[in-house]
There are 2 protein chains.
Amino acid sequence: MVKIDTANETAVSRMMEARPILTGVATARDVIPGMRDNLLLHAGPPIEWARMSGPLRGAVIGALIFEGLAQDEASAVAMVEAGEVDFAPCHHHQSVGPMAGVTSASMKVYVVENITHGNKAYSNLNEGYGKVLRYGAYSDEVINKLRWMNETMGPIVAEALAQSEDSLDVRALLSESLHMGDEGHNRNKAGSIIFTVRLAPLIAGVVDDKDVEAEVLKFLGDNALSVLNPVMAACKAMADAAHGVEGSTLVTTMARNGTDFGVRVSGLGERWFTAPAEVPDGLYFPGFSSEDANADIGDSTITETAGIGAFAMAAAPAIVTFISGTPQDALNATLEMYEITAAEHTHFTIPVLDFRGTPTGIDIRKVVELGIAPRVNTGIAHKEAGVGQVGAGLVRPPMAIFEEALVAFAEKYGLV
Amino acid sequence: MVKIDTANETAVSRMMEARPILTGVATARDVIPGMRDNLLLHAGPPIEWARMSGPLRGAVIGALIFEGLAQDEASAVAMVEAGEVDFAPCHHHQSVGPMAGVTSASMKVYVVENITHGNKAYSNLNEGYGKVLRYGAYSDEVINKLRWMNETMGPIVAEALAQSEDSLDVRALLSESLHMGDEGHNRNKAGSIIFTVRLAPLIAGVVDDKDVEAEVLKFLGDNALSVLNPVMAACKAMADAAHGVEGSTLVTTMARNGTDFGVRVSGLGERWFTAPAEVPDGLYFPGFSSEDANADIGDSTITETAGIGAFAMAAAPAIVTFISGTPQDALNATLEMYEITAAEHTHFTIPVLDFRGTPTGIDIRKVVELGIAPRVNTGIAHKEAGVGQVGAGLVRPPMAIFEEALVAFAEKYGLV
């Protein structure tokens, strides 16, 4: 009989020992395994065009326009309907993307390497606020910003990182930012300015044009989500290190495509367990309500999978002004997650809990037994393409996917 | 009979309504009222050479060498003993300086203006760690760093600030950094990187030499105390706004010169109440103990005077790794300070206390009645000149100065 606890200990130790380093910025087609010109990666579990929600469709249209494969919405939709575009989850290509997560071959991506185990992970660049592709917007403004990021900012950050003598240790950055009021998912204020401050002298050394340099530094420094994408890639690298441990019931992927919420389990190979994603509870921007909200979307739940995000909410009491609730709720969120996890993180600690490690390694046995689904902090997208973010809040995956995964586990390992 | 409560309400409201803006960097002799070439400003209440402690003497020697008035220790001491050097508290010249606080005529200083009431305050530039003048070191290394700060970094920051369309609002910066694990006195990690990130695009726009620019950005970004000096000037501007309110028992200055701890009170004019400063309790760097410690030193207690620092410890639980204690102690420190203060700050809030305002406006009546002296977080200097910082910890002013001030208050206002 398989020793589940031992397997879980191996898996969670690998997750915590993984040391993800941001080594560079490169073009997706050059570095992401299997990337090709007519392939679009997206957040969450696999999904076909017909079932895609508004924001994901909008991001698909925008990416095809960005790539120059389509001229406008109509031609993009025609291409997709003619079967000329392939879709695959980011997660199938060692990648993650926030919200729609759409990543195309020409896009610049962060390259993160887990130097403990050697695996790599990738994530696109963060666009900041307002009309952005990740929320399904694809106006000229959106595409122009993406082009500037890809042609101006991306190469500069790439060159800056290439000059760096000591690479950027994302795990160390997170350890620090969790002591500065971040939880690493919806609140990345401290992490993003640590990121910018570390990059600034390197950027100063590689850019000739003062105005361009000022623009890049302002873009990175003013965007409190600048570091979210490297952080997500780092969490992916950590979670992947824990995947594939025979007999382990720990969750190594949680991801949503705007229609379905999907999880994968360390000891259950590449199989997804999915169910319809729910609409988050939260605070809406003026003029919007839950009527406008799309179902939960994005790969950013990789943060909770790796022991931060909603799991580290006790470290980030100020976040409640953004996602609702009270500081006590934030504390309770973390305390509850200890119930369903295998370990306390050895590198991510929470000062206010006497430097206790964050709850890490979701055990599907505990989730099902206690009826406590993992907590997730999230942005909320408008359900129609092109509108953008309408709020931020809290959500949990549907319990059914953990039950289904547990049944599959029992079947695979002859426990039934 | 004087209405003390009404007077205190006026004073503390003025303190909280004060909006200190960092408007520039300038040379001390050009901006500090009364500054002249043979005058050295120092931290704390007035003191003559004979009673100065090691670190203050060291900083005096260093400043005379920096100014080119002396060649070495011997000639500096000879000048002082010949009566050629005048001394005055920073506080007598609208200024504040951390630790020894020695400020000379050629030094660059931050200029902070309280745009609510129009008063200004000044503070020197922060030198970072290691051998530094503020801890009484004066080797060539120290003097050379001061020269680089004065001749290279200072003018660049000055030019950058001059280009800024929206000036740097230090009160807003503090509101933000208190939500990011800072208390604004011993922990200024978040504030210093916010400061650097705000300056970076401005600096990019004014510097031609890439290496110089990278060096300045690295110096500011790597120094977790970069923002301490502008913060202290901001607190001085806020405290000064509350000074001189007839009938007020609120403390508007707390400062130490390494020998004496002194306070001034809003309704008691320019008179200092002093007593011997104590040695802080805290954590010592490897190789040092309380045997090595100088008595409490520095103007940085202006932060506690303005409602942050030890008064905001609950916002900064991670600080206990540096100054000793537990996160619960940090929470209790803030809770205790509510007992002796007049108000809860309208701009500085603590997420973990349900966004309660920090305890602000120390009332000498409450201090004496309850026997609770204000808490202070502080760095600890070696008692000999030239050694530097040996630790960090906690201290309180001697209770006698509050008793003496209360007696003086009763006498002045005919309450006895």
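The residue numbering used here restarts from 1 in each chain and proceeds along that chain's sequence as written. Chains and ligands are labelled sequentially in the order written, the chains with letters from A and the ligands with numbers from 1. For this predicted model, a pLDDT threshold of at least 70 governs which residues receive local features, and a threshold of 80 or more governs which side-chain atom pairs are given and counted, while totals over whole chains, interfaces and linings are taken from all residues.

**Remarks on the overall build of chain A**
- Only DSSP runs of H or I covering at least 4 residues are called helices, and only runs of E covering at least 2 are called strands; the numbering of each starts at the N terminus. Each helix and strand in chain A was counted, giving 14 helices and 16 strands.
- Based on the C-alpha atoms only, the size of chain A along its principal axes is roughly 60 × 50 × 45 Å.
- Labels follow a simple rule on C-beta atoms placed from the backbone: if 20 or more others lie within 10 Å of a residue's own, it is buried; if 12 or fewer, it is exposed; otherwise it is partly exposed. Here chain A holds 416 residues, and the buried ones make up 61% of them.
- We call two residues in contact if the C-beta atoms placed from their backbones are at most 7 Å apart. Pairs at least 24 apart in sequence give 73% of the contacts found in chain A among residues at least 6 apart.

**Focus: the sheet that holds strand E11 (residues 281–284) of chain B**
All names here are of chain B.
- Here the rule is simple: two strands pair whenever DSSP picks up at least two bridges between them. If you walk across this open sheet you meet the three strands as E11-E16-E15, and the pairing is antiparallel. With partners counted over all chains shown, the strands left at the sheet margins are E11 and strand E15 (376–381), one partner each. The mean inter-strand angle of the sheet, taken between neighbouring strand axes irrespective of direction, is 25°.
- Bridge count for E15 against strand E16 (residues 389–395) is six bridges, and the pairing is antiparallel. Note that in E16 the partner of Ile380 across the bridge is Gly391. A fitted line through C-alpha atoms represents every axis, and for helices the fit uses only the stretch in contact; the resulting angles, taken between N-to-C directions, go from 0 to 180 degrees.

**Considerations on the domain arrangement of chain A**
All names here are of chain A.
- Where each domain starts and ends follows an automatic or database-derived domain assignment. Here chain A is partitioned into domain 1 (19–231) and domain 2 (243–412).
- Here domain 1 and domain 2 have C-alpha centroids that lie 21 Å from each other.
- Residue-level contacts link 44 residues of domain 1 with 47 residues of domain 2.
- Broken down by secondary-structure element, the contributors of at least two residues to the side of domain 1 that touches domain 2 are helix H3 (54–66) and helix H6 (170–177).
- Ranked by residues supplied to the side of domain 1 that touches domain 2, first place goes to H3 with six residues.

**Some details on the environment of B:Val111**
- Structurally, B:Val111 is set in strand E5 (residues 108–114).
- On the neighbour-count criterion, B:Val111 (22 C-beta atoms within 10 Å) is buried.

**Here we look at the interface of chain B and chain A**
- Taken together, the contacts link 26 residues of chain B with 26 residues of chain A.
- Of the residues forming the side of chain B that touches chain A, the biggest block, ten residues, is contributed by helix H7 (residues 189–206) of chain B.

**Re the sheet that holds strand E15 (residues 376–381) of chain A**
Residue and element names in this part refer to chain A.
- Judged by pairing direction, the sheet is antiparallel, and its three strands sit side by side in the order E11-E16-E15 without closing on themselves. The open sheet terminates on both sides in strands that have one partner only, identified here as strand E11 (281–284) and E15. Across this sheet, the average inter-strand angle for adjacent strands is 25°, counted without regard to direction.

**Observations concerning helix H3 (residues 54–66) of chain B**
Residue and element names in this part refer to chain B.
- Working rule for helices: expected span equals 1.5 Å times residues minus one. Taking 1.5 Å of rise per residue, 13 residues should cover 18 Å, and H3 covers 18 Å from first to last C-alpha, within 8% of that figure.
- Within H3, 13 of the 13 residues are buried, which leaves the element mostly enclosed by the surrounding structure.
- Remark: Gly68 follows H3 within two positions and exhibits a positive phi of approximately 80°.

**Quick notes on the relation of the copies chain B and chain A**
- Only residues with pLDDT of at least 70 in both copies contribute their C-alpha atoms to the least-squares superposition of the copies. Taken as rigid bodies, chain B and chain A are interconverted by a rotation of 180° and an axial shift of 0.0 Å, the fit giving an RMSD of 0.0 Å. The superposition of one copy onto the other is thereby described by a two-fold rotation axis. Scanning chain B for the C-alpha nearest the rotation axis identifies B:Met180, at a separation of 2.2 Å.
- Most of the interface of chain B is mirrored in chain A: 100% of its interface residues are interface residues there too.

**Things to note about the pairing of strand E5 (residues 108–114) of chain A**
Residue and element names in this part refer to chain A.
- Within E5, seven of the seven residues are buried, which leaves the element mostly enclosed by the surrounding structure.
- Burial along E5 is two-sided: Lys108, Tyr110, Val112 and Asn114 facing one way and Val109, Val111 and Glu113 facing the other are all buried.
- With seven bridges connecting them, strand E1 (residues 20–27) and E5 associate as antiparallel partners. Bridge assignment links Ala26 to a residue of E5, and that residue is Val109.
- Summarising the sheet, E5 and strand E6 (residues 120–124) pair through five bridges and their orientation is antiparallel. Paired with Val112 across the bridge in E6 is Ala121.
- Where E5 folds back onto E6 in an antiparallel hairpin, the turn is made up of five residues, including Gly118, whose phi is positive at roughly 90°.

**Considerations on the environment of B:Tyr135**
Residues and elements named next belong to chain B.
- Relative to the assigned elements, Tyr135 resides in the loop between strand E6 (120–124) and helix H5 (140–163).
- As for Tyr135 and Val96, which are separated by 39 residues in sequence, their C-alpha atoms are 15 Å apart.
- Each residue touching Tyr135, except ones within four places of it in the same chain, is listed here: Pro55, Met99, Ala381, Gly388 and Gln389.

**Some details on unusual backbone geometry**
- In the Ramachandran plot, A:Asp354 falls in the positive-phi region, its phi being about 55° despite a non-glycine side chain.
- Following the sequence through the fold, A:Asp354 ends up in the loop between strand E13 (341–350) and strand E14 (356–362).
- A count of 12 C-beta atoms within 10 Å places A:Asp354 in the exposed class.
- Phi is positive for B:Phe355, close to 65°, though the residue is something other than glycine.
- Tracing the chain through its elements places B:Phe355 in the loop between strand E13 (341–350) and strand E14 (356–362).

**Thoughts on the packing of helix H7 (residues 189–206) of chain A against H7(B)**
- Packing of H7(A) against H7(B) brings their axes to within 9 Å, and their N-to-C directions diverge by 40°. Comparing their axes, H7(B) and H7(A) come out oblique. Here H7(A) runs over H7(B); the crossing is left-handed. Two secondary-structure elements touch here, H7(A) through A:Ala190, A:Ile193, A:Ile194, A:Thr196, A:Val197, A:Ala200 and A:Ala204 and H7(B) through B:Ala190, B:Ile193, B:Ile194, B:Thr196, B:Val197, B:Ala200 and B:Ala204.
- Its residues assigned to classes, the contact of H7(A) with H7(B) shows twelve nonpolar, two polar and no charged. An angle counts as roughly parallel when it lies under 35 degrees, as roughly antiparallel when it exceeds 145, as roughly perpendicular when it falls between 65 and 115, and as oblique in every other case. The handedness criterion is simple: a crossing whose near helix is rotated anticlockwise from the far helix by less than a right angle is left-handed, and one whose near helix is rotated clockwise is right-handed. When residues are grouped by polarity, Ala, Val, Leu, Ile, Met, Phe, Trp, Tyr, Cys and Pro land in nonpolar, Asp, Glu, Lys and Arg in charged, and all others, Gly among them, in polar.

**What to know about the packing of H6(A) against helix H9 (residues 228–241) of chain A**
Residues and elements named next belong to chain A.
- H9 packs onto H6 with a crossing angle of 115° between their chain directions and a minimal axis gap of 10 Å. Considered as vectors, H6 and H9 are oriented roughly perpendicular to each other. Considering how the two elements wind past one another, H6 and H9 form a crossing that is left-handed. Contact residues: H6 offers Val170, Arg171 and Leu174, while H9 offers Pro230, Val231 and Ala234.
- Here the contact of H6 with H9 is built from residues that sort into five nonpolar, no polar and one charged.

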